[in-house]
Amino acid sequence: MQHVYFDHNATTPVAPEVLETVVSCLGQVYGNASSIHHFGQGAKQRLEAARRQLASLIHSNPAELVFTSGGTEADNMAVLGVCAAAPRPAHVITTAIEHPAVLAPAAHLEREGVAVTRLRVGAGGVLNPDDVRAALRPETVLVSVMHANNELGTIQPIAEIARIAHEAGVAFHVDGVQALGKIPVDVDALGVDLYSMSGHKLYAPKGVGALYIRKGTRLAPVTFGGHHERDRRPGTENVPGVAAFGAAAMLASRNLAADAERLANLRDRLENAVLDRIQGAGINGARWGRTSNTSNMYFDGIDGEALVIALDLRGFAVSTGAACSSGALTPSHVLTAIGLSSERARASMRFSLGRSNTAEQVDALVAALEASVAHLRRISVHA
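First, a word on what this report is: a plain description of the structure on this page. Just so it is clear, the model here is predicted, and its values are computed rather than measured.

If you tally the helices and strands in the protein, you get 13 helices and twelve strands. On C-alpha atoms alone, the protein measures out to a radius of gyration of 21 Å, which is about the 21 Å that the 2.2 N^0.38 rule sets for 383 residues. Only carbon and sulfur atoms are counted for the fraction: they give 55% of the accessible area of the protein, which is about 16100 Å². Averaging the locations of the 34 positively and 36 negatively charged side chains of the protein gives two centres separated by 2 Å.

Moving on, we get to the nonpolar core. Counting 65 residues, the largest nonpolar core has Phe172 and Met197 as the members making the most contacts within it. Looking at which element gives the most residues to this core, the answer is helix α9 (residues 239–277), with ten residues. Counting 29 residues, the second largest nonpolar core, distinct from the first, contains Ala281, Ile283, Phe299 and Leu307.

Below, the discussion takes up the pattern of salt bridges. This model, assessed by the stated rule, comprises 17 salt bridges. Note that Arg51 and Glu48 form a salt bridge whose closest N and O atoms lie 2.9 Å from each other. With Arg51 and Glu48 both in helix α2 (residues 38–58) and three residues apart, this pair spans about one turn of that helix. A salt bridge links Glu139 to Arg137; its shortest N-O distance comes to 3.9 Å. Given a relative accessible area of 27%, Glu139 falls into the partly exposed group. Look at Arg137 and you get partly exposed, because its relative accessible area is 36%.

The next thing to look at is the side chain of Ser144. By the element assignment, Ser144 lies in strand β5 (residues 140–144). Those residues in contact with Ser144, other than ones at most four positions away along the chain, are Val79, Ile93, Thr94, Thr95, Glu98, Val102 and His173.

Quick look at the packing of aromatic side chains now. Applying the stated criterion to the full structure yields two aromatic pairs. Each ring, one from Phe6 and one from Phe316, has its centre 6.5 Å from the other, and the planes form 35°; the classification is tilted. Remark: Phe316 occurs in strand β11 (residues 316–317) and Phe6 occurs in the loop between β1 (4–5) and α1 (16–28); sequence separation between them is 310 residues. Assigned by exposure class, Phe6 and Phe316 land together as buried. Judged by centre distance (5.5 Å) and plane angle (25°), the rings of Tyr30 and Phe39 are stacked. Overall, Phe39 belongs to the partly exposed group, its relative accessible area being 44%. A cation sits over an aromatic face here: Arg344 above Tyr298, 3.7 Å from the ring centre.

The interhelical angle for the contact between helix α3 (residues 71–85) and helix α4 (residues 100–111), taken along N-to-C directions, is 30°, at an axis separation of 9 Å. It follows that α3 is roughly parallel to α4 by the angle criterion. Here α3 and α4 pass one another in a crossing that is right-handed. Taken together, the residues of α4 that come into contact with α3 (itself represented by Thr72, Asp75, Asn76, Val79, Leu80 and Cys83) are Ala101, Val102, Pro105, Ala106, His108 and Leu109. Split into classes, the residues belonging to the contact of α3 with α4 amount to eight nonpolar, three polar and one charged.

For the rest of this paragraph, the subject is the sheet that holds strand β7 (residues 194–198). The strand order across the open sheet formed by seven strands is β2-β8-β7-β6-β5-β3-β4, and the pairing between neighbours is mixed. Two strands in the sheet have a free side with no partner beyond their single neighbour: β2 (65–68) and β4 (115–119). Here the strands of the sheet are splayed against their neighbours by 20° on average, with no regard to which way each runs. Across five bridges, β7 lies against strand β8 (residues 209–213) in antiparallel orientation. Each bridged residue has a counterpart across the sheet, and for Tyr195 the counterpart in β8 is Tyr212. Where α4 meets the sheet, its contacts fall on β3 (91–95), β4, β5 and β6 (171–175), and the angle it forms with β4 comes to roughly 145°.

Turning to α9, a few remarks are in order. Counted at 1.5 Å a residue, the expected span for α9 with its 39 residues is 57 Å, but the 49 Å between its end C-alpha atoms falls short. Of all bends in α9, the biggest is about 65°, found at Asn255. Its side-chain oxygen at 3.0 Å from the backbone nitrogen of Gly241, Asn238 defines the N-terminal cap of α9.

Taken across its five residues, β5 has five buried, putting it largely inside the fold. In this sheet, β5 lies alongside β3 in parallel orientation, the contact comprising three bridges. Pairing of His91 across the sheet is with Thr140, part of β5. Across three bridges, the pairing between β5 and β6 is parallel. Each residue of the ladder has a partner; that of Leu142, found in β6, is Ala171. As a crossover connection, the stretch from β5 through helix α6 (residues 158–167) into β6 is right-handed.

This paragraph deals with the pairing of β8. In terms of residue burial, β8 counts as a mostly covered element, since five of its five residues are buried. Here β8 shows a buried face lined by Gly209, Leu211 and Ile213 and a second buried face lined by Ala210 and Tyr212. Sheet topology places β2 next to β8; four bridges connect them, and they run antiparallel. Its bridge partner lying in β8, Val66 is registered against Leu211.

The rules behind these values
Residues numbered from 1 in each chain as written. Predicted model: local features only at pLDDT ≥ 70, side-chain atom pairs only at ≥ 80, totals over all residues. Heavy atoms only, no water. Helix = DSSP H or I, 4+ residues; strand = E, 2+ residues; numbered from the N terminus. Rg over C-alpha atoms; globule rule 2.2 N^0.38 Å. Areas by Shrake-Rupley, 256 points an atom, 1.4 Å probe, with all protein chains shown as cover. Lys, Arg positive; Asp, Glu negative; His and termini not counted. Charge placed at Lys NZ, Arg CZ, Asp CG, Glu CD. Core = buried A, V, L, I, M, F, W, Y, C linked by side-chain atoms within 4.5 Å. Buried < 20%, exposed > 50% of the residue type's maximum accessible area, 1.4 Å probe, protein only. Salt bridge = Lys/Arg side-chain N within 4 Å of Asp/Glu carboxyl O. Contact = heavy atoms within 4.5 Å. Phe/Tyr/Trp six-rings, centres within 6.5 Å; stacked < 30°, edge-to-face > 60°. Lys NZ or Arg CZ within 6 Å of the ring centre and 35° of its normal. Axes fitted to C-alpha atoms, helices over the stretch in contact; angles between N-to-C directions. Parallel < 35°, antiparallel > 145°, perpendicular 65-115°, else oblique. Left-handed = near helix turned anticlockwise from the far one by under 90°. Nonpolar A, V, L, I, M, F, W, Y, C, P; charged D, E, K, R; others polar. Pairing = 2+ DSSP bridges. Expected span 1.5 Å × (residues − 1). Bend = angle between axes of the 7 residues up to and from the residue. Polar contact = N/O pair within 3.5 Å; in protein donor to acceptor, adjacent residues only side chain to side chain. Right-handed = clockwise from strand over helix to strand, strands pointing away.

These figures come from the coordinates and say nothing about function on their own.
Here it is, written out as structure tokens:
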């Protein structure tokens, strides 16, 4: 049986061109980028080349990029670092639909005495910028809003929120993990101060990410050791991973528009067929203003985890939501935040498409969904 992957928001396969870069680095570029000898300088060159490649994708100065172990570390560095550099009392504004990589450090800050406001979003999953303005206080030091939601794909009005934050003299952080490579990102045009990124959502390996830090942004280090990454993030750099991230960024910049159009057509094909063929199904969040590859749908009367297993047995990999929250007994905080009941949230599935998916695979997925939903509903009635 062939297995087909529809869970690209959880992680992506490593692109062949990117894998080539990793392998060549692992075999040939083994020096420490901090060493001044020939081998170290070779590693340093690969590191800085990747920094330029990633900077080109987001239209930043390469010197404003710090490489990390992934998006979670980048989020923590931004949220904790801004607050560590700020006077007390301090106040942070974020949203109820953020990734745990932002919500957890915000909760930690709250336990340390920092006030945190978690803004609600509408049923479409989009934040009203006026709510940010209304939440601002004299002691507000940071606004943190994700660019694209990992479960819904909904895109937030980042440029407008940036203007509101800057009018108040407040730093603005954006978790861009699910946006990078899917929609154009120009950190200057958006007006963001900090922007988090992750390689493994972009057809690069796991274990590498980056944080854009606009020049002049006050950010205290949150880890300590050496003087790597301009004293922002200590530790010997993961040169093969960073080089792979750079290669993936170049690949994304070349293919972004074509990929987005093709994936949007496939996503719409999936949604239209499901709505046409499966009763009691619907789409969560807004249908417009989303990343092109993401669909979140509910199937009333179904347990989402059971449907994941049923589809896996038929050869299709999907998810009920964020991979980092799988196994949680509580329903998705994102879906309940947009107004879904716990029951409907538990009956929801996320489908996230990628470069390898085809129309034939989408059609086969719809047929598997139709059969699986009918079977699970039938056995739940007789249970």
